[in-house]
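Listed below, chain by chain, are the residues.
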Amino acid sequence: LEKWITGEEKEAKSSFRVVWGQPGMGKTCLSTDILNRHASRIAAVHFFDFCSPNIDQNDPCSVILSLAFQMCSFFPNYHNVLPKPEELEQLVGDRNMRDLWQNLILDPLNSPALDHSGRNSLILLDSLEECDLQDRDLFYEFLNDFHDTTPSWIQLLVTTSDDNQIRSQMEAAYSVELKNSPDN
């Protein structure tokens, strides 16, 4: 993962990676470590939470809005490649996940006007299995298409439990599995 994040991997297999593992294997610890060590490369991050009192914490539309907001702070001109304020207000009000993803994530990232300073950047999503059930499949579809719909300088790292349903929907991702070894 380290070489992939820093762009030193000789032949990157995909700009989308999924780290799988059983509960307690250290996926969130790994995400936190990556966040701390590569803070200057993290364009946006979201930690899904199984016991969050905030009902929007795991809602895919809210996650998309949060990622776009964070990227406005990370990329100097991200806000310039977003829709005009009146269009943005309508998009947010409609809460159509496909439109939000297209207009707030894909279009800005693919804009030739976006200043990414010629470096790899990372979006990090931890504990994807906690994503709200409503619209989950559509959100997974967006993530699965990430490699084909975004420029190569932006990477997506997702951690999730070893769930066969999620695994079957993330076939485009390069998978890394955390396993327990006899030494731990």
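Residues numbered from 1 in each chain as written. Predicted model: local features only at pLDDT ≥ 70, side-chain atom pairs only at ≥ 80, totals over all residues. Heavy atoms only, no water.

## Some remarks on the packing of helix α4 (residues 85-94) against helix α5 (residues 97-110)
- Two numbers describe how α4 lies on α5: the axes approach to 9 Å, and their chain directions differ by 145°. Considering the relative orientation of α4 and α5, their crossing is left-handed. Contacts from L88, L91 and V92 of α4 reach α5 at D99, L100, N103 and L104.
- Split into classes, the residues belonging to the contact of α4 with α5 amount to 5 nonpolar, 1 polar and 1 charged. (Axes fitted to C-alpha atoms, helices over the stretch in contact; angles between N-to-C directions. Helix = DSSP H or I, 4+ residues; strand = E, 2+ residues; numbered from the N terminus. Left-handed = near helix turned anticlockwise from the far one by under 90°. Contact = heavy atoms within 4.5 Å. Nonpolar A, V, L, I, M, F, W, Y, C, P; charged D, E, K, R; others polar.)

## Here we look at the pattern of salt bridges
- Here the structure, examined in full by the defined rule, presents 5 salt bridges.
- Of the charged contacts, one joins R37 and D33 as a salt bridge, the two residues approaching to 2.7 Å between their closest N and O atoms. Of this pair, R37 and D33 are both found in helix α2 (residues 27-37), 4 residues apart, which corresponds to roughly one turn of the helix.
- Assessed through its relative accessible area of 33%, D33 is described here as partly exposed.
- E141 serves as the salt-bridge partner of R98, at 3.8 Å between the closest nitrogen and oxygen. A residue pair is termed long-range when its members are at least 10 positions apart, and R98 in helix α5 and E141 in helix α6 (residues 136-144) qualify at 43 residues.
- In this structure R98 comes out as partly exposed when scored by relative accessible area, which is 43%. (Salt bridge = Lys/Arg side-chain N within 4 Å of Asp/Glu carboxyl O. Buried < 20%, exposed > 50% of the residue type's maximum accessible area, 1.4 Å probe, protein only.)

## What about the pairing of strand β1 (residues 16-21)?
- Summarising burial for β1: 6 of the 6 residues are buried, a large majority.
- By the alternation rule, side chains of β1 split into F16, V18 and W20 and R17, V19 and G21, which are all buried.
- Where β1 and strand β4 (residues 154-161) come together, 6 bridges link them in parallel fashion. Paired with R17 across the two strands is L157, which belongs to β4.
- Two strands pair when backbone bridges link them, and β1 and strand β5 (residues 174-177) are joined in this way by 4 bridges, in the parallel orientation. From the neighbouring strand, W20 faces β5, where its bridge partner is E177. (Pairing = 2+ DSSP bridges.)

Remember that the coordinates give geometry; whether it matters functionally is a separate question.
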